[in-house]
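One-letter residues, chain by chain:
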Amino acid sequence: METGRAVRYFPRLRAGLGRAPGAEVQALCVAAFKLAVDGRAFIEDIEGAAEQPELLAVLRWRFADFLGELDLILRGTAPVDDWHHAALALEYGLSEVADLDGPTLASCCGLGDIGQGGESASSILAFWDGLLASFPGQLPDPLKPSGQGELLRALRNWNKLCVATQTPADFLQSLLQEV
Amino acid sequence: MPNVAGSLHDLIGQSETAFAKRRVEQTVAALERCGTSMASVRSLFADEASEARHLLVTSSVSQGLANVNSDIDVIGITDNPTPAVKMAVQKFVGRTHYEIIMFSLDEWHTSLAGLERAAESPLSEMLEAARTWNKTYPVSLKYLERVVNGVDLGGTMPYLDALPALSVFWKFRSFEVARKSVLCALLAERTGETRGRLGYAINALLDMMNAILSHHGRVFSNRKWYLLRWRSFARAGDCPPAFATVAGAIDTLFDMVSAACRDPRMCLDLGPFLVPLYQSVRDGLGIRVCEESLIQTVGTREGAFLPGFDYHRGGSGGALLAANGTVPASLADSASLDPESAGSLLRGIRAGVYRIVSTE
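Residues numbered from 1 in each chain as written. Chains lettered and ligands numbered in written order. Predicted model: local features only at pLDDT ≥ 70, side-chain atom pairs only at ≥ 80, totals over all residues. Heavy atoms only, no water.

Student: Just to check I follow, could you spell out the overall build of chain B for this structure?
Tutor: What chain B contains, in helices and strands, is 14 helices and ten strands. Expressed along its principal axes, the backbone C-alpha trace of chain B runs to roughly 70 × 45 × 40 Å. Buried residues in chain B amount to 56% of all 360 residues. Looking at chain B as shown, the accessible area adds up to about 14,500 Å², and 52% of this sits on carbon and sulfur atoms. For chain B, the distance from the average site of its 36 positive side-chain charges to the average site of its 38 negative ones is 4 Å. (Helix = DSSP H or I, 4+ residues; strand = E, 2+ residues; numbered from the N terminus. Buried < 20%, exposed > 50% of the residue type's maximum accessible area, 1.4 Å probe, protein only. Areas by Shrake-Rupley, 256 points an atom, 1.4 Å probe, with all protein chains shown as cover. Lys, Arg positive; Asp, Glu negative; His and termini not counted. Charge placed at Lys NZ, Arg CZ, Asp CG, Glu CD.)

Student: When you look at the packing of helix α9 (residues 163–190) of chain B against helix α13 (residues 271–284) of chain B in this model, what are you seeing that I'm missing?
Tutor: All names here are of chain B. Interhelical geometry of α9 versus α13 gives an angle of 165° and a closest axis separation of 10 Å. By the angle between their directions, the pair α9 and α13 is classed as roughly antiparallel. Regarding α9 and α13, the two cross each other, and that crossing is left-handed. Along the contact surface, α9 presents Phe-175, Arg-179, Val-182, Ala-185, Leu-186 and Glu-189, while α13 presents Gly-271, Leu-274, Val-275, Tyr-278 and Arg-282. A breakdown of the residues in the contact of α9 with α13 according to their chemical character gives seven nonpolar, one polar and three charged. (Axes fitted to C-alpha atoms, helices over the stretch in contact; angles between N-to-C directions. Parallel < 35°, antiparallel > 145°, perpendicular 65-115°, else oblique. Left-handed = near helix turned anticlockwise from the far one by under 90°. Contact = heavy atoms within 4.5 Å. Nonpolar A, V, L, I, M, F, W, Y, C, P; charged D, E, K, R; others polar.)

Student: Is there a simple way to think about the packing of helix α10 (residues 196–215) of chain B against helix α11 (residues 226–235) of chain B in this case?
Tutor: All names here are of chain B. Direction vectors running N to C along α10 and α11 enclose 50°, while the axes themselves pass 9 Å from each other. Looking at the two axes, α10 sits oblique to α11. For α10 against α11, the interelement crossing comes out left-handed. Residues Leu-206, Asp-207, Met-209, Asn-210, Ile-212 and Leu-213 of α10 pack against Tyr-226, Leu-227, Arg-229, Trp-230 and Phe-233 of α11. Broken down by class, the residue content of the contact of α10 with α11 amounts to eight nonpolar, one polar and two charged.

Student: Looking at this model, I keep getting lost on the interface of chain A and chain B. Mind explaining?
Tutor: Of the residues lining the interface, 39 residues belong to chain A; the matching set on chain B comes to 42 residues. Across the interface of chain A and chain B, roughly 3,400 Å² is buried in total on both sides, 62% from carbon and sulfur atoms. Its largest share of buried area at the contact with chain B, chain A owes to Glu-54, Trp-61 and Trp-83 of chain A, together 20% of the area lost on that side. On inspection of chain A and its partner chain B, the count reaches two salt bridges. A salt bridge links Arg-235 of chain B to Glu-54 of chain A; the shortest N-O distance between them is 3.3 Å. Between chain A and chain B we count 14 residue pairs in polar contact (both at pLDDT 80 or more) in total. When residues of the side of chain A that touches chain B are traced back to their parent elements, those giving at least two are α2 (21–48), α3 (53–75), α4 (85–92), α5 (102–109) and α8 (170–178) of chain A. Broken down by element, the side of chain A that touches chain B gets its largest block of residues, seven residues, from α3 of chain A. Residue composition of the side of chain A that touches chain B, by class: 23 nonpolar, eight polar and eight charged. (Buried area = accessible area lost by both parts, 1.4 Å probe. Salt bridge = Lys/Arg side-chain N within 4 Å of Asp/Glu carboxyl O. Polar contact = N/O pair within 3.5 Å; in protein donor to acceptor, adjacent residues only side chain to side chain.)

Student: When you look at the sheet that holds strand β4 (residues 96–104) of chain B in this model, what are you seeing that I'm missing?
Tutor: Hydrogen bonds between backbone atoms are what pair the strands of a sheet, whose relative direction is either parallel or antiparallel. Residues and elements named next belong to chain B. Here five strands make up an open sheet; going across it, the order is β3-β4-β2-β1-β5 and the pairing mixed. Edge positions in the sheet fall to β3 (89–93) and β5 (151–152), since each has one partner strand and no second. For β3 and β4, the ladder comprises five bridges, and the chain directions are antiparallel. Looking at β4, one finds that Val-93 is bridged to Thr-96. Packed on one face of the sheet, helix α8 (residues 141–149) meets β1 (52–57), β2 (72–78), β4 and β5 and runs near 85° to β2. (Pairing = 2+ DSSP bridges.)

Student: Honestly, the nonpolar core in this entry has me stumped. Any pointers?
Tutor: One recurring pattern in soluble globular proteins is that nonpolar side chains are buried together. Counting 183 residues, the largest nonpolar core has Phe-63, Leu-67 and Phe-127 of chain A together with Leu-163, Met-208, Val-257 and Ile-349 of chain B as its most contacted members. If near-sequence neighbours (up to four positions away) are discounted, Leu-67 of chain A is found in contact with Leu-94, Val-97, Leu-105, Cys-109, Phe-127 and Leu-131 of chain A. (Core = buried A, V, L, I, M, F, W, Y, C linked by side-chain atoms within 4.5 Å.)

Student: Whenever I open this one, the environment of Leu-88 of chain A confuses me. Can you help?
Tutor: Residue placement: Leu-88 of chain A occurs in helix α4. A relative accessible area of 15% places Leu-88 of chain A in the buried class. Once you skip the residues sitting within four places of it in the chain, Leu-88 of chain A turns out to touch Leu-72, Val-80 and Gly-93 of chain A together with Arg-350 of chain B.

Student: Can you help me understand the sheet that holds strand β8 (residues 309–314) of chain B in this one?
Tutor: All names here are of chain B. Here three strands make up an open sheet; going across it, the order is β7-β8-β9 and the pairing antiparallel. Two strands close off the open sheet at either side, each with one partner strand: β7 (300–306) and β9 (317–322). Looking at each pair of strands side by side, their axes are set apart by 30° on average, direction ignored. Sheet analysis places β7 next to β8, joined by five bridges and oriented antiparallel.

Student: Teacher, can you tell me more about the side chain of Ser-358 of chain B here?
Tutor: All names here are of chain B. If you trace the backbone, Ser-358 turns up in the segment after β10 (354–356). Overall, the relative accessible area of 8% leaves Ser-358 in the buried class. At 3.0 Å, the side chain of Ser-358 and the side chain of Arg-179 are in polar contact. Once you skip the residues sitting within four places of it in the chain, Ser-358 turns out to touch Leu-123, Ser-124, Leu-127, Glu-176, Arg-179 and Val-289.

Student: Got a minute to help me understand the pattern of salt bridges in this structure?
Tutor: Once their charged atoms are close, side chains differing in charge can pair, the charge on each being opposite to the other. Within the structure shown, the criterion is met by 32 salt bridges over all chains. In this structure, Asp-71 of chain A and Arg-75 of chain A form a salt bridge, with 3.0 Å as the shortest nitrogen-oxygen distance. Of this pair, Asp-71 of chain A and Arg-75 of chain A are both found in helix α3, four residues apart, which corresponds to roughly one turn of the helix. In this structure Asp-71 of chain A comes out as buried when scored by relative accessible area, which is 1%. You can call Arg-75 of chain A partly exposed: its relative accessible area is 34%. Residues Glu-360 of chain B and Arg-288 of chain B are paired through a salt bridge, measuring 3.9 Å at the closest nitrogen-oxygen approach. In this pair, Glu-360 of chain B sits in the segment after β10 while Arg-288 of chain B sits in the loop between α13 and β6 (295–297), placing the two residues 72 residues apart along the sequence. By relative accessible area, which is 60% here, Arg-288 of chain B ends up exposed. Via salt bridges that share partners, Glu-128, Arg-131, Glu-176, Lys-180 and Arg-355 of chain B belong to a single interconnected network.

Next up, the structure:
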């Protein structure tokens, strides 16, 4: 990854800068769910695409979309239509998932790499490893047999957390239905 | 008004039998690469198979796109009622991940009727049906495509008859996303967003590809496959001569945008390429869309903020917009907006103050 410096993942969470519990609990649970379910599925797809450069080229963009959406969720902004995610992330960078400007994000994701013989996705995989290692707690892995139970246990914990913080928990049902 | 009249043969450029035979062969081969077979899948889902009239192998496996990490996704269609809240059941055999979801025949018929109605509707109604589809119909958009393209474990494609309606529906949905992305790429360019414009341009190009593929009966719901399918379509000689020029222009621009992504110093001027390409795709697909009613204001101006800027509340948030910003009369006009108006419009679109409208 050509960032020129170590990437600082989840800087606000690391710094301990919180927000009002309701919005924060929802943002953290949604982000964790998306990392565990969507993020792991992207990485599985990327690892399987070594022989399909056109697939890998689009997955790079889809991963940038994913990071852009995740960043907005953790920022607590109003949602935008999904076709804005990569464009916003490229133009304005990421601030919550990692402290990255747009060109560095493009480099991390290998955006624009297609059919030049350098189809390795090592920069994305390294970025992903950093994300997983830095996110608070062990994320479930629903792509493994034991991961289904882990995900359900996490959802039960989040439901209790919502009750404790008086956060409406209906978003958890929506998450499940999106899978 | 869109028209789904015409035979399946005309749509896919070959007989239904030949099309289905090729898909079945692809499915058998893909399952074999994954170390399994039609019979093994049936055995794995023996409980579901006992009550289902069809077990359909779907997505990448049934379209000849599967790789070593592909999941094997199955849909069951049963005569019996199924739970209203759908949850796919996961199974793991070695490294292979299987998933099955069940729909009742009634749910399928309700959704199919909705699809056929939408595909015959005026453009704006069809797009509204697409926007609200997953809250209205029991078979979501993702599974709608998978059922139609699904290969039954008995070696048939039982719902292929719905492909003409699905193709029309998918073509217009993709065209709309392409149209929105073209507009936002132009606005981003006018307001000086150097990298964001590239993200919109890639979206626009991928959806132009998908609209053309759908127009020829090649429908797939997962965006990740668009480029691979597009290039395979051309390589296989399936792209008709009438689309050759526009297909070449899409590929050229895709490569230009990709190169600009690799070089942060490069600032690509998209307007001269994107606008004529959009118009060629629109005309090639025979899509009639009113370019003069482009933007609808759906938010409300709440009041002045500071001189030059007002605060507007939108459907998904709020934004500070130029007090005297202008709205372009057409998509082509947006390429010559002043930077302040372009930025204001782009922010308003993101915040849901403005909506990009597609009507005939």
